[in-house]
Amino acid sequence: MTSFRYIGAKRRAKEHPRFVSGRGRFVADVALPGMKHVALVASPHAAARIVSIDAKAALAAPGVLHVLTGEEFCASTDSLAIGVDAPKVTRWALANGVVRYAGEWVAAVVADSRALAEDAAERIEVEYEPLPHVIDPEVALEADAPLVHPAHGSNLLYHRKFVWGPVEEAFANAEHRIAFRAVWGRSATVPIETFGVAAQWDAGTGILDIWASIQMPKFPDQLARALRLPGNAVRVHHDVDVGGSYGVKRGLKHAVLVGHLAKKLGVPVRFIEDRLENLRGGDMQGPDRFFDMQLAFDTDGAIRAMKIRAVDDVGAYAGRSPFQLGKPVTAICGPYAIGAIEYEPTSVMTNKTPQEAVRGFGQSPTNFAIERAIDRVARHLGMDRIEVRKRNFIRRDQFPYTIPSGSTYDSGDYQAVLDKTLAAIDYGSLVRARDEARRSGRLAGIGIASCLEPSGGNSAFEVLMNPKNENTTWMDSCLVRVDLSGAITGVINNSSAGQGHESLVSTVLGEILERDPETIRVVRADSLTALPSNSPVGSRMAIMLGGAAAGAAKTIKETLIAIAAHNFECSPEDLEYHDGSVNVKGAPSKKFSWDQLVEIAHRKFHKLPPGLEPGLQAKFVWEVPTGGALPTPEGRIQIYPCYAFEAHIVLVEIDPDTGKPVIRRYVCGHDCGVMINPDIVHGMTYGGIAHGIGAALYEKFSYTEDGQLASGTFMDYLIPSAMEVPGLAIVDHCTPSPLTTFGQKGSGEAGYLGAPAAIANAINDALDTLGASIDALPISHLAIWSAVGARKGAAPA
């Protein structure tokens with residue numbers, strides 16, 4: 001870190017001033033002249049045939065411009081894309097003929113205000129004929145289960161069994177075997193801002209302008225496709241601030257609906273979800289997954305093989321959600337040297353709200369299952385849990401290390417990070433505090449989790465899970481301009497949900513060009529004027545956008561040196577670059593200053609080297625390091641290039657009379673390589689841990705037997721507050737990646753990928769004193785209380 005000037009230094013984020021001064025610009029701030037507003041009619045049934053829709057009373061209501069039904073909408077737009085090979089699983093923003101979950105949108109009302117639209121929506125009469133429905137994913141897989149999409153022929157959306165290595169041989173020869181089921185409850189992220197989109201159609205230019213709170217790859221392309229428009233007829237404005245996302249701000253169906261209305265009616269249209277619309281019908285719920293785990297291991301704790309059967313309930317429709325079973329392939333054995341693995345992912349449809357991407361894209365549930373397995377191995381053998389982890393860790397001298405599924409881990413020092421975390425929390429005193437709590441009559445446990453954060457995401461899981469989709473390109477880009485005044489501007493093509501892209505790019509440009517990042521401006525181009533990007537997903541921006549910015553800056557630097565060499569009539573190798581000036585080596589006074597070089601580039605063509613274009617700008621498009629390959633027939637593939645590491649240690653106390661858990665101590669050790677901005681990394685990690693606490697203890701989208709969402713408000717869908725999130729300590733470690741410009745790895749999903757596992761292990765350490773265990777998240781107060789009561793012989797009422 002000491003070799004850098006600006007990277008790794010403590011710096012205030014460039015984005016902060018506009019946010020703390022109330023100058024952020026969100027979708028709700030987009031006020032277009034004559035703008036109309038949308039309210040929705042949602043299905044009360046989990047499955048039903050739409051017999052009729054009577055909108056006459058709504059159309060007669062004050063201020064109403066139009067009522068759109070699924071029949072009209074579906075005739076004018078195309079079904080949204082689906083990632084896996086299931087062409088008959090079609091999906092539109094409005095149901096046409098059949099509804100498949102409670103909360104699915106049936107009609108849209110456009111009026112002068114949201115209030116008038118809502119009043120009119122209540123006047124729409126929809127006649128339904130209820131149909132059989134299915135809520136349980138295991139029931140949905142049975143041969144006689146009601147079909148969510150009858151044209152598809154089953155509720156099975158994706159299934160494959162991967163076998164990497166001699167799995168059966170390892171199980172046959174192992175001294176011990178265990179099997180258990182781990183359950184990840186259906187949860188998500190709940191940003192302060194729900195999804196919003198505004199659209200305006202310009203009939204004169206034939207361009208549809210979109211302002212949306214998005215975080216989605218290929219959003220402009222998919223939007224244009226669904227609206228049956230050429231790509232250059234849709235302009236997505238990326239200078240819209242996003243009030244939190246963490247994966248869920250996909251919003252494609254929202255944008256297609258609003259874009260269609262704006263084009264059809266010839267007026268600007270905006271739709272912003274209310275909270276119920278967001279939770280019930282916004283397609284933002286996350287993985288709903290169970291794991292049937294089997295491990296084969298020896299008496300010394302060495303794990304020989306692992307089998308994972310993962311069944312994921314994606315709900316009534318599927319976009320990219322089945323791919324959340326694909327990403328874990330890239331770190332399917334976690335940080336452990338397990339030589340043989342069987343992985344059987346199954347994606348199933350039910351009559352629930354559709355699943356979408358959530359922070360980690362399926363990795364956190366898999367980490368939870370693996371870490372519960374490690375604790376169970378230790379318990380089975382009577383070994384220390386830390387010893388079992390260290391016994392199976394990939395050693396520092398083994399990197400780069402290729403795991404059975406074909407991904408190669410770039411670098412790491414897992415034991416060092418865990419040791420630093422143990423030291424930071426003073427593990428010996430933590431054990432004493434736990435034991436003292438137990439002697440005082442409280443239940444107490446220590447949780448440990450050590451897991452990976454794959455980063456720099458590419459698209460390899462797409463072709464792995466759908467061979468017809470040969471997408472091997474997953475690039476990002478940056479354009480750098482130096483104007484005549486010498487000021488530097490970086491141009492990027494994505495929206496930000498708080499990841500600090502402006503700070504990232506300005507720091508990288510400042511580092512390469514040796515100019516103060518405070519003087520560098522970063523702007524967001526719209527989708528018609530910018531270079532390609534695959535958006536801030538998969539913990540990829542530090543790697544991909546940072547790498548693209550560095551590549552463009554290096555080109556600028558090389559151009560300045562070439563200009564100086566031409567005018568000095570020497571070789572570029574005879575020159576050195578320092579603080580933006582270029583001088584002859586050994587003769588610091590013989591130099592061109594930054595301003596002089598910039599002026600030559602812009603105004604003195606006669607002093608430019610032959611073949612060099614005037615002006616001073618450079619673009620750089622970077623493909624994911626190690627990406628670009630197709631999977632082998634066995635399904636071996638390099639999915640992500642870089643792998644950050646987390647070690648979580650937590651102390652939890654439980655009131656045995658109420659089942660209420662309280663987190664007393666929490667330390668997270670984190671190695672994401674070189675941190676470009678440590679404060680931003682720490683902030684994301686704090687938020688990720690808080691999110692993980694919610695997934696572990698509180699958050700769940702619960703459904704009744706008749707398919708109704710029972711947790712559609714924050715009275716029932718519980719999220720942790722400041723009272724539930726303890727003081728957190730983060731311990732930094734740096735193992736640079738050999739694949740990136742500065743040694744950086746990703747960190748956007750940090751914290752969340754290990755917190756649920758650590759907290760679950762802590763609670764189970766506490767319950768172990770009673771001979772009880774809970775392997776289903778969230779581990780609610782009631783679940784703990786019931787487990788305690790059952791073991792005490794006093795079954796709860």
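These numbers come from a predicted model, not from an experiment.

## What about the packing of aromatic side chains?
Piece 1. In this structure the tally under the stated criterion is 18 aromatic pairs.
Piece 2. Ring centres 6.2 Å apart and planes at 85° place the aromatic pair Trp184 and Tyr752 in the edge-to-face group. Remark: Tyr752 occurs in the loop between strand 29 (729–733) and helix 19 (755–767) and Trp184 occurs in strand 9 (residues 176–184); sequence separation between them is 568 residues.
Piece 3. The buried category is assigned to Trp184, whose relative accessible area is 1%.
Piece 4. Look at Tyr414 and Phe645: their rings are 4.5 Å apart centre to centre, the planes differ by 25°, and that puts the pair in the stacked class. Remark: Phe645 occurs in strand 27 (residues 642–654) and Tyr414 occurs in helix 12 (residues 414–425); sequence separation between them is 231 residues.
Piece 5. Through a chain of ring-to-ring contacts, the aromatic side chains of Tyr336, Phe393, Phe399, Tyr414 and Phe645 assemble into a single cluster.

## Notes on the nonpolar core
Piece 1. Met293, Leu295, Tyr343, Tyr409, Tyr427, Tyr666 and Ile763 are the most contacted members of the largest nonpolar core, which has 128 residues in total.
Piece 2. Among the elements that make up this core, the one with the highest residue count is helix 19 (nine residues).
Piece 3. Residues within four places of Tyr666 in sequence aside, it is in contact with His648, Ile649, Val650, Ile689, Pro726, Gly727, Leu728, Ala729, Ala755, Ala758 and Ile759.
Piece 4. Ranked by size, the runner-up nonpolar core spans 50 residues in total, among them Leu504, Ala553, Tyr577 and Leu608.

## With respect to the pattern of salt bridges
Piece 1. For the coordinates displayed, the defined rule picks out 54 salt bridges.
Piece 2. Where Arg18 meets Asp241, a salt bridge forms, and the shortest distance between an N and an O atom there is 2.7 Å. With Arg18 in helix 1 (residues 16–20) and Asp241 in the loop between strand 12 (234–237) and helix 8 (252–265), the pair connects residues that are 223 residues apart, well separated along the chain.
Piece 3. A residue is classified by how much of its surface remains accessible, and Arg18, at 23% relative accessible area, is partly exposed.
Piece 4. A relative accessible area of 7% places Asp241 in the buried class.
Piece 5. The partner of Arg320 in a salt bridge is Glu462, and the shortest N-O contact between them spans 2.7 Å. Note that Arg320 is positioned in the loop between strand 15 (303–315) and strand 16 (340–349) and Glu462 in helix 14 (residues 460–465), a separation of 142 residues in sequence.
Piece 6. Owing to a relative accessible area of 4%, Glu462 belongs among the buried residues under this scheme.

## Overview of the side chain of Thr366
Piece 1. Counting through the fold element by element, Thr366 comes out in helix 10 (residues 363–381).
Piece 2. The exposure class of Thr366 is buried, given its relative accessible area of 2%.
Piece 3. At a separation of 3.1 Å, a polar atom in the side chain of Thr366 contacts the main-chain carbonyl oxygen of Gly362.
Piece 4. Residues in contact with Thr366, not counting those within four places in the same chain, are Arg289, Phe291, Pro328 and Ile332.

Parameters at a glance
- Positions within a chain are numbered from 1, following the residues in the order the chain's sequence is written.
- For this predicted model, a pLDDT threshold of at least 70 governs which residues receive local features, and a threshold of 80 or more governs which side-chain atom pairs are given and counted, while totals over whole chains, interfaces and linings are taken from all residues.
- Remark: hydrogens and water are excluded; side-chain values derive from all non-hydrogen atoms of the structure.
- Only rings of Phe, Tyr and Trp enter the pairing, Trp through its six-membered ring, and a pair is recorded when the two centres are within 6.5 Å. The plane angle decides the type: under 30 degrees is stacked, over 60 is edge-to-face, the rest tilted.
- For the purposes of this entry, the term helix denotes a DSSP run of H or I that reaches at least four residues, the term strand denotes a run of E that reaches at least two, and both are numbered from the N terminus.
- A simple rule labels every residue: compare its accessible area, found with a 1.4 Å probe on the protein chains alone, to the largest value its type can have, and call it buried under 20%, exposed over 50%, or partly exposed in between.
- The term nonpolar core refers to a set of buried residues drawn from Ala, Val, Leu, Ile, Met, Phe, Trp, Tyr and Cys, joined through side-chain atoms within 4.5 Å.
- Residues are treated as being in contact if the distance between any of their heavy atoms lies within 4.5 Å.
- One speaks of a salt bridge when a side-chain nitrogen belonging to Lys or Arg is within 4 Å of a carboxyl oxygen belonging to Asp or Glu.
- Nitrogen and oxygen atoms within 3.5 Å of one another constitute a polar contact, given that in protein one can donate a hydrogen and the other can accept it, and given that sequence-neighbouring residues count only through two side-chain atoms.

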